[in-house]
Amino acid sequence: MTATAVDHLGEKPEATGPHRYRNSERMLAASDPVWQAAAEHGLIDMHVDAASDYELVIRETGHRFVNMCSCSYLGLNSHPKILQGAVDALATAKSTSLSVSATRIRPNLSADLEDELGDLWRADILVGLSCSTLTSGILPLLAGGQLAEGGPRTMVFDRFAHFNLAHVKPICADESLVLTAPHNDLDYVEDVCRKHPRVAYVADGAYSMGGALPLEGLLELQDRYGLFLYIDDSHSLSAVGEHGEGYVRSRAELNPLTMVVASLVKGFGTGGAVAMLGDRGLVRLLRRHAGPVGWSQSPDNMVLGASLASAALHRTPELGELQRRLRDNVELFDRLVPTPHAGNDFAVRVVPVGEADRAIDLSVRMFERGYYCSAVFFPIVAKGEAGLRILLRADLPSKLVTDFASSVTTESMA
């Protein structure tokens, strides 16, 4: 987008030149040496087999460890009913997929899943291959004014918006002005709303590094200024809500100015992703015009079958029991290990250590003790804010959580 195109909207670009929204050369120069250090310590590119319900094993060495960075918050990715759903779907469909654009031909499994999830979560549902696929197709149309009345919208991305959201900034900038807001800064968003007649805010519901967006304040801005909310709520889907509808949908109804996308890979336990919409007409529009949403790669029949089984489980008391066990494990860990987001409703915790080399060293020592935790560093987090990312789950015994917390405390003080 040229400076002239930006100026007519009354806002200067945040930067000029070819690297306004990303700079791969600088990013790699700053981060790849750290990734290389992680590789040299055996912390990435592991090849594993399942050893038990919650343990993995490295075949060559026999080293067993508990995966403490799995996003399967309820343990549904190994639930027998969901595995059987995948098997049954293959037998019924007699193929892995149709291998054709979903715009033209879709298996009934896909249509059935959209109907089931729509009824479960009170929304019109669009199923896609991933959140990245859905977002890559949807956000440019939102920026261009095709998804809500009034024309193009100024796009405000939260500074901590997940990469699957932020990577679409340059494409959106070919349609409208793109800005980056300080994290959860409602004053900044309101200031943009005062200056521009149509604004969309793009953010996570529950953030992958902990915490959540200020939903009530954003809904107030929506009422006052017509702010469009595009929220990726992947890290709370299934784990939060009476029917697993997630943090945002359990507190806000859909409307023409609110759209929620979420991965089905995490708490839901299967694969693919969904967009929750308030208008069936938008589903048809997106399937036709949202680029990768309608391409020939879509969730295969195994994933669709597993997802139908998970949707059925979400209607049973077992969902509430799994959510309770997850909350119990999170609360237990919070009592034992202080972290910046202790006490919130989500399962993501980060133990801050400062520099990247310290995060890698701590991850190595935890792995030697039999726990794999992600060392997170730039560009995953800001420089100087590296740490150990921990994801709690419902399928972990409480004694294991206690022992793990003890190990974290011991090793982080070493």
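Everything numeric in this text was worked out from a predicted model, so none of it was measured.

*Asks:* Help me understand the pairing of strand β11 (residues 348-354) in this model?
*Replies:* The side chains of a regular strand alternate, residue by residue, between the two faces of the sheet. The buried fraction of β11 is high, at six of seven residues. Of the pairings in the sheet, the one linking β11 to strand β14 (residues 386-391) comprises six bridges and is antiparallel in character. In the strand pairing of β14, Pro352 is matched with Gly387.

*Asks:* What exactly am I supposed to notice about the nonpolar core here?
*Replies:* With 96 residues, the main nonpolar core has Met68, Leu117, Trp121, Leu227, Met276, Ile390 and Phe404 as its most contacted residues. Ignoring anything within four residues of it in the chain, the contact list for Ile390 reads Met68, Phe333, Ala347, Val348, Arg349, Val351, Cys373, Phe404 and Val408. Counting residues in hydrophobic clusters, the runner-up holds 32 residues, among them Ile138, Met155, Ala275 and Leu282.

*Asks:* Can you help me understand the sheet that holds strand β5 (residues 154-158) in this one?
*Replies:* Within a sheet, neighbouring strands are paired by backbone hydrogen bonds and run either parallel or antiparallel to one another. Read across the open sheet, the seven strands follow the order β4-β10-β9-β8-β7-β5-β6; overall the sheet is mixed. Edge positions in the sheet fall to β4 (124-128) and β6 (178-181), since each has one partner strand and no second. Strand-to-strand twist of the sheet, defined as the mean angle between neighbouring strand axes without regard to direction, takes the value 20°. In the sheet, strand β9 (residues 258-263) pairs with strand β10 (residues 273-277) via four bridges, with the strands oriented antiparallel. Paired with Ser263 across the bridge in β10 is Ala273. Relative to the sheet, helix α8 (residues 186-195) contacts β5, β6 and β7 (199-204), its axis offset from that of β6 by approximately 155°. The sheet contacts of helix α11 (residues 280-289) involve β4, β9 and β10, and relative to β4 the element is tilted by about 20°.

*Asks:* For this particular structure, what's the right way to read the pattern of salt bridges?
*Replies:* Oppositely charged side chains are able to pair whenever their charged atoms sit close together. Here the structure, examined in full by the defined rule, presents 21 salt bridges. Between Arg194 and Glu190 there is a salt bridge, with the nearest N and O atoms lying 3.3 Å from each other. Note that Arg194 and Glu190 are positioned in helix α8 at a spacing of four residues, about one turn of the helix. On the accessibility criterion, Arg194 (56% relative accessible area) is exposed. In this structure, Asp361 and Arg365 form a salt bridge, with 2.8 Å as the shortest nitrogen-oxygen distance. Pair noted here: Asp361 and Arg365 are both in helix α14 (residues 356-368), with a separation of four residues, about one helical turn. Classification of Asp361 by relative accessible area gives partly exposed; the value is 38%. One connected set of salt bridges, linked through shared partners, spans Asp361, Arg365, Arg369 and Glu411.

Calculation notes
- Residues numbered from 1 in each chain as written.
- Predicted model: local features only at pLDDT ≥ 70, side-chain atom pairs only at ≥ 80, totals over all residues.
- Heavy atoms only, no water.
- Buried < 20%, exposed > 50% of the residue type's maximum accessible area, 1.4 Å probe, protein only.
- Helix = DSSP H or I, 4+ residues; strand = E, 2+ residues; numbered from the N terminus.
- Pairing = 2+ DSSP bridges.
- Core = buried A, V, L, I, M, F, W, Y, C linked by side-chain atoms within 4.5 Å.
- Contact = heavy atoms within 4.5 Å.
- Axes fitted to C-alpha atoms, helices over the stretch in contact; angles between N-to-C directions.
- Salt bridge = Lys/Arg side-chain N within 4 Å of Asp/Glu carboxyl O.

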